[in-house]
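# Structural characterization, general
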Amino acid sequence: MPSLKGKGMEPKDNPKLNLTEINRKLAKSEGREYYRSLDEVAGTPEFKKFLEDEFPNRSTLLSMDRRQFIKVMGASLALAGLSGCRFLPQEKIKPYVKAPEDIIPGKSLRYATAMVRRGEALGLVVESKMGRPTKIEGNDLHPASLGSTDVFAQAELLTLYDPDRGRNVLNEGQIATYDEFLKAAREALASSKNARIVTDRIASPTLRSQLQALVKQHPGAEWIEWEPFNDDNALEGSGLWCGTYQEAVYDFSKADAIVSLDCSLFDEGPWSVRLARDFAAGRKVEGKEPMMSRLYVFESGVTTAGLASDHRFAVKSSEIGGIAQQLLSAIESGSSSGTFDADTISEIAADLMSKKGRAVVVAGSHQPAEVHALAYRINNAIDAIGQTLSFKRTIRTPLRTNAKKLVAELVNGQVDWLLALSANPLHTLPQASTIKEAYGKIPFTASVALAENETSAESKWYVPLAHFLEAWSDAEARDGTVAVIQPLIKPLHDAVPAHELVASLAGKPNEDYEIVKGYWEAKGIGDKWEKALNDGVVPELPRGETRPLPNLAAKTEVRISSPFAFEVNLRPDPTIDDGRYANNGWLQELPKPITTVTWDNTVQMSLKTAEKLGVENEDVVEVTVGQNKAEGPVWIVPGHADDSVTLHAGYGRTKCGRVGEELGFDVYPLMLDGAIVEGRVKKLDKTYQIAAAQTHHSMEGRDIVRVGTIDDYKRDPKLIPAGFEMPAHEKTMYDHSEFDNDSQQWGMSIDLNTCIGCNACTVACQAENNIPVVGKDQVHNGREMHWIRIDNYFTGKEGNFEHVVQPVGCQHCEDAPCEPVCPVAATVHSSEGLNQMVYNRCVGTRYCSNNCPYKVRRFNFLNYQYNQKNFDKKDDIPLLKLLNNPDVTVRSRGVMEKCTYCVQRINEARIEAKKQVRDVKDGEIVTACQQACPTQAIVFGDIRDPNSKVAKAKAEERNYKLLEVLNTRPRTSYSARLRNPNPRIKA
């Protein structure tokens, strides 16, 4: 049985939370107050400690005995903390004689490429400095990204330089050569009668054609694609609706009304980046008569789509089918009778019909095929097809059938040759634990992957796979757009590109560049090859859109199952996906949306369900599905559906690298026939420690977030909270005369109306600014180093919770409270309005952090960058140094750090402007967080220029400054969050 390992597995002490009392308090509040956690509502000692103590858990360092203290901190503690001096690493230097071709020292180059996840492409532009990739951004010309990214794209840089990536070909655990592998593989394949090639979902047209040709050469050979979280249900649903498999492509830019049927709209793959951008475009507020789109969400767990919605309904996932049928009936016949509130369904149906051609209904990928068929029928009835929903011809077929067939063949010993290419079947296949013994009996097995995994541990051969930044390829986006993937660096280890491997197995060895280019030359676009490389998109490629006719007979074929009494929902993890990013420290430490949990997965449930089970946060429960069981810690999520739990996959890894192994618990054994299953939960007498960042750096008891409806906005565009009164600003001790100059003045505005809390900004900031990973224990102590945090605020009572998110970084106050308290002037103000940190002056007093009302400063308690305990191999640290942005200082232990508004980007733009004797143009400087944001919620620029985007954003009446009553005059401001509820639906 998959179970938890690690700190905190001990018998339960006295309970901390009285859930009955919490529900009573929330009911009494009537939804008028915002809170960040249940600990705050209950007033637990832990929460009070974080409020009262700026540096909680400091005893983890100072309670050590002398020997431990010296071992951890060394002599540098006294030097760094008292005198400000630090010894820098001594390294031999060599003269830079001649720059490589096309490289100008100090200047970066940018190349268009793409990454693939879940069988879809996301267009990227990667920055290269001195021949090494240092930053990933979105490609403006690619339809899936439009210049933005998600957390996975940002973190791929760390995956590239991961010290735990495979470095050598292995045979039975011993180092071998690639030629030896090819010889053994070819000989075994030639005599094989039942060869199997297992891959993840392939997005490359070139590789697809290669694999098809390879299996044709060998009778009995088959190629099997497998993704544990896939689009099978959507494909089968299109088959039910129109008789053929079609791939749905949604366009929210034309949608005035959106209904989500248990779909995590902004987390379901690369195309979600585009959906977030289009959704945000419909939420922009201009003038006093705003026209905003409306989002209805039915869901079990709480997602970023749910928090962005205007109406959110917490229902079990197994109830969604009945709701879809009820909605279709209301649209087609006017009858809305069913298990869900009939009046609400009728009003939603009326809203969709009033917006014909400008509305859309989307079903979650985990919902059964019948629900997708119903959603397509609803879209057909509201004229969405051809407007907000289009279909693309596809050669894809559902994956489950072949996966089940493969499992049966393995169990029966029918496979005699198996190659896993970029897939990890022994971890993610249904009932993978049952095939482990049978897998070991196959005469020839090989795993080709970025790093050793559960499959390679049982395979006779392991071959390192090249990262997408090290190899040529191509990839298709959801809408059919094809991007060329071009490498930015030679393989760091003895890694092989997938195209070269397949070509060699087919007896046609060739370089990956020639293979990919030759494929497209055969397609007749050889003359456009250079343009494809430059733009990142293959030009003038037909998209193959179709407008399928509904299969009228399908109306009688859709059958909806009854809801489960108690259901278990299995989902990909929001930060490590299906487990492929388990060894990525940036993503492990990234606070998960909604819960802010790091380094673990949990069993999420509602307050009512927790009360019924007699559990609270960190209690361990046993989840049972059929005969399979898993243990995990409880995490209560306000707004979660009752009588159901949500579990995230990707954890419980036994082989992936030192960062991701033995974290959390494995949920794949519970995934039998789908991601929504019936199960039961039982409390165990033990707890497990969770590191969540939600209560850290609190600013409670003050005017933090401003939220209102469109009607509230029309009455008072400023959305000033009741009882709030802005005091008169008196003169301060600050002398602003030195800032009265001709310099451009920088500022930022963040629109809470479009922010979805996806965390792309947080990872982008980490990648840009060399921010270290600190580990679970340090996060639990409140010492995470992220320069941007996403604060979550809940309001309401049981059955009607609302959720608001707010990104918070350094506010760059003009009257900064941190500046006058620094004894060594390490925190100073620039002539352009930036609150700056001078690292080599800082002596670590932390007075500035104690005086900061926004709690945005971070202190390097330990040397997090290159912890010898975690990186002990000879080549680890030099490899990780390649990851760093050379334009940003790598901070050592004992200094304070924080957001700098990406001052290195400001300087780069200023230098270019000075060369041309002009000011920096509006939009010329794009901060890392701004560039990554898929909803364009962040605007940065010169606030002195009245025509700049940031000045216009700050001029809006709903724009306000955080804790403005303190007269700190922050340069970062926020635009209040607006909701657009249907006035005919009762709250």
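The structure contained in this document is the topic of the report that follows.

Calculation notes
Residues numbered from 1 in each chain as written. Predicted model: local features only at pLDDT ≥ 70, side-chain atom pairs only at ≥ 80, totals over all residues. Heavy atoms only, no water. Helix = DSSP H or I, 4+ residues; strand = E, 2+ residues; numbered from the N terminus. Buried < 20%, exposed > 50% of the residue type's maximum accessible area, 1.4 Å probe, protein only. Contact = heavy atoms within 4.5 Å. Areas by Shrake-Rupley, 256 points an atom, 1.4 Å probe, with all protein chains shown as cover. Core = buried A, V, L, I, M, F, W, Y, C linked by side-chain atoms within 4.5 Å. Pairing = 2+ DSSP bridges. Axes fitted to C-alpha atoms, helices over the stretch in contact; angles between N-to-C directions. Parallel < 35°, antiparallel > 145°, perpendicular 65-115°, else oblique. Nonpolar A, V, L, I, M, F, W, Y, C, P; charged D, E, K, R; others polar. Salt bridge = Lys/Arg side-chain N within 4 Å of Asp/Glu carboxyl O. Phe/Tyr/Trp six-rings, centres within 6.5 Å; stacked < 30°, edge-to-face > 60°. Lys NZ or Arg CZ within 6 Å of the ring centre and 35° of its normal. Polar contact = N/O pair within 3.5 Å; in protein donor to acceptor, adjacent residues only side chain to side chain.

## What to know about the overall build of the chain
- When its secondary structure is counted, the chain shows 32 helices and 40 strands.
- Taking all 987 residues of the chain together, 61% fall into the buried category.
- Residue pairs in contact within the chain that sit at least 24 positions apart in sequence constitute 74% of those at least 6 positions apart.
- Carbon and sulfur atoms provide 50% of the accessible area of the chain, an area that totals close to 39,900 Å².

## A word on the nonpolar core
- Ranked by size, the top nonpolar core spans 141 residues in total, and within it Y250, F252, L265 and L587 carry the most contacts.
- Take this core: its biggest share by element is seven residues, from helix 7 (residues 151–160).
- In contact with L587, not counting residues within four places along its chain, are V151, F152, A155, T575, I576, Y581 and V763.
- L328, I331, I348 and L352 belong to the second-largest nonpolar core, a separate cluster that totals 31 residues.

## Quick notes on the sheet that holds strand 39 (residues 972–975)
- Strand order in this open sheet of four strands is 37-30-39-38, and the pairing throughout is mixed. Two strands lie at the open edges of the sheet, namely strand 37 (938–942) and strand 38 (959–960), each paired on one side alone.
- Strand direction decides the pairing type here: strand 38 and strand 39, joined by two bridges, are antiparallel. Bridge pairing in strand 39 places Y960 opposite Y974.

## Section: the packing of helix 20 (residues 498–505) against helix 21 (residues 512–522)
- Across the interface, helix 20 lies against helix 21 with an axial gap of 8 Å and an inter-helix angle of 85°. Judged on the interaxial angle alone, helix 21 and helix 20 are roughly perpendicular. Only D512, I515 and V516 of helix 21 make contact with helix 20, whose side of the interface consists of H499, E500 and A503.
- Residues that form the contact of helix 20 with helix 21 fall into these classes: three nonpolar, one polar and two charged.

## Quick word on the pattern of salt bridges
- Scanning the model with the defined rule gives 60 salt bridges in all.
- A salt bridge links K135 to E137; the nearest nitrogen and oxygen atoms lie 3.1 Å apart.
- Note on K135: relative accessible area 2%, which makes it buried.
- The residue E476 makes a salt bridge to K392 at a minimum N-O spacing of 3.5 Å. One end of the pair, E476, is in strand 17 (residues 473–476); the other, K392, is in strand 13 (residues 389–393), and 84 residues separate them in sequence.
- Take K392: its relative accessible area is 4%, and that puts it in the buried class.
- Beyond isolated ion pairs, a larger network of salt bridges with shared partners links R201, R208, E225, D231, E247, K392, R396 and E476.

## Here we look at unusual backbone geometry
- Residues other than glycine seldom take positive phi values, yet E172 does so here, at roughly 55°.
- By the secondary structure assignment, E172 is in the loop between strand 4 (169–171) and strand 5 (174–176).
- The phi torsion at I594 lies on the positive side, around 80°, for a residue other than glycine.
- Counting through the fold element by element, I594 comes out in the loop between helix 23 (585–589) and strand 21 (597–598).

## Here's the deal with the packing of aromatic side chains
- This structure, assessed with the given rule, holds 21 aromatic pairs.
- Aromatic rings pair up to connect Y178, F181, W417, F444 and W461 into one cluster.
- The residue whose ring lies beneath R783 is F861, and the NZ or CZ to ring-centre distance is 4.0 Å.
- The cationic tip of R846 hangs over the ring face of F859; the distance from NZ or CZ to the ring centre is 5.2 Å.

## Remarks on the pairing of strand 18 (residues 482–485)
- Both faces of strand 18 are covered, namely the face carrying V482 and V484 and the face carrying A483 and I485.
- Across four bridges, strand 17 lies against strand 18 in antiparallel orientation. Paired with A475 across the two strands is A483, which belongs to strand 18.
- From the end of strand 17 to the start of strand 18, which pair antiparallel, there are five residues, and G480 there has a positive phi angle of about 100°.

## Some remarks on the side chain of D573
- Here D573 shows up in the loop between strand 20 (567–572) and helix 23.
- Among the polar contacts listed, one links the side chain of D573 to the side chain of T575, at a separation of 2.8 Å.
- Discounting residues that sit within four places of it in the chain, D573 has contacts with F152, K592, H648, A649 and Y651.

## Quick word on helix 10 (residues 232–242)
- Taken across its eleven residues, helix 10 has eight buried, putting it largely inside the fold.
- Along helix 10, the positions that sit buried rather than exposed are D232, N233, L235, G237, S238, G239, W241 and C242.
- Each element contacted by the buried residues of helix 10 is listed here: strand 8 (246–250), helix 15 (369–381), strand 13 and helix 16 (400–411).
- Residue G243 follows helix 10 closely and has a positive phi angle near 90°.

Shape descriptors only; they carry no functional weight alone.
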